[in-house]
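# Architecture at a glance
Now for the letters of each chain:
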Amino acid sequence: MDTLVSMRVFCLVAELKSFAAAAQRLRMSPAMASKHVMQIEKRLGTRLLNRTSRRVSLSESGTLYFEQARQMLDSLDEVEAAVSNATVVPHGTLRLTAPVWMANSIFAGVLADYQARHPDVRLDVDLSGRLVNLVEEGFDLALRATGAPDEALIARPITNVPFYLVAAPAYLKRAGRPVSFADLSGRALLHYALYPGESFSFQGEHGPETVKLNPVLRSGNETLLHMAALEGMGLAFLPKWLVAEDIASGRLEHLMSEQVVFVGKLFAVYPSRKYLSAKVRTFIDFIAADKRMR
């Protein structure tokens, strides 16, 4: 059997989670599709797919093989298309990881418009908040808000991300509205766990000023911090995209906007410039040009 054909069969079975569906799309019998997968498993000496009467799922070895095989086949398709002077059409599954706070209507709209423009691309988006290893875990791309991207990876700046100091009206009624840096000292803070320390430095009229707050809740999940802020637990530094609608509706207030200014930068991060797939390239170009990302 042709190894490349077997790899394509395996990848399609893994994506569709069905031998019958993959066989129908490839115009072969389910038995032949099964033989292709069994040939790979025999050569590797390990089970790639767990099969039951109702479903098909990837084994641990299968997950690793699938990610590497899928990337290789995508690259091969694009190389062949380029050599034949054909237009490279983005296709396949784009595995993307991004911060939790990008679970918002703005980013959802960007994803919807990209997929409408490139219907052959399936989006697999991880918003777990953990710092994934792109190569080992088979991700194509990461969106990361950071001041210092990993030097081992390629990082393209996309846009600035303002972080607002916000609080709910209920908290401000109870604790008072801060109007100076001194007013912030000791205030209840909903603390993002990946930010080191409890002190924050700001640029005042007479130079840098440091304020120490009182973390009453610490979490690495911005969604939880956002909900806690809405419940009036304390102050929080949250990205504009996450709180813009709450500020407009009055559910949260943007505090000390002239004095307290945090601006992060959002980067598109990927392992290598070499053989950058069409789906990754077009997605990065799309989000970089979209005005909603400003």
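Refer to the structure printed above.
Residues numbered from 1 in each chain as written. Predicted model: local features only at pLDDT ≥ 70, side-chain atom pairs only at ≥ 80, totals over all residues. Heavy atoms only, no water.

### Topic: the packing of aromatic side chains
To describe a pair of aromatic rings, one takes the distance between the centres and the angle between the planes. Under the convention used in this document: The pairing test for Phe, Tyr and Trp rings, Trp by its six-membered ring, is centres within 6.5 Å, and the orientation test on the planes gives stacked under 30 degrees, edge-to-face over 60, and tilted for anything in between. Think of it this way: any DSSP run of H or I at least four residues long counts as a helix, any run of E at least two long counts as a strand, and we number them from the N terminus. Throughout, exposure labels follow a simple rule: accessible area from a 1.4 Å probe, protein chains only, divided by the maximum for the residue type, with under 20% read as buried, over 50% as exposed, and the rest as partly exposed. Charge-over-ring placement is defined geometrically: NZ (Lys) or CZ (Arg) within 6 Å of the ring centre, and within 35 degrees of the ring normal.
Inspection of the entire model under this criterion finds 11 aromatic pairs. Between the aromatic rings of F10 and Y65, the centroid separation amounts to 5.4 Å while the plane-to-plane angle is 65°, which identifies the pairing as edge-to-face. With F10 in helix α1 (residues 3–16) and Y65 in helix α4 (residues 60–83), this residue pair connects regions lying 55 residues apart in the sequence. In terms of burial, F10 and Y65 fall into one category: buried. Geometrically, the ring pair formed by F200 and F262 is tilted, given 6.3 Å between the ring centres and 45° between the ring planes. Of this pair, F200 sits in strand β8 (residues 199–204) while F262 sits in strand β13 (residues 262–270), and the two are 62 residues apart along the sequence. The class of F200 is buried, set by a relative accessible area of 4%. Classification of F262 as partly exposed rests on a relative accessible area of 25%. Counting every residue linked through ring pairs, the aromatic cluster contains F181, F200, F202, F237 and F262. Geometry around F139 places R95 over its ring, the cationic atom sitting 4.1 Å from the centre.

### Focus on the pairing of strand β5 (residues 141–145)
So the rule is basically this: For two strands to pair, DSSP has to find at least two bridges joining them.
Buried residues dominate β5, accounting for 4 of its 5 residues. Bridge analysis of strand β3 (residues 92–97) against β5 gives 2 bridges, and the strand direction is parallel. Counterpart to L96 in the pairing with β5 is L141. Relative to β13, β5 runs antiparallel, the two being bridged by 4 bridges. When the bridges of β13 are listed, L143 appears paired with A268.

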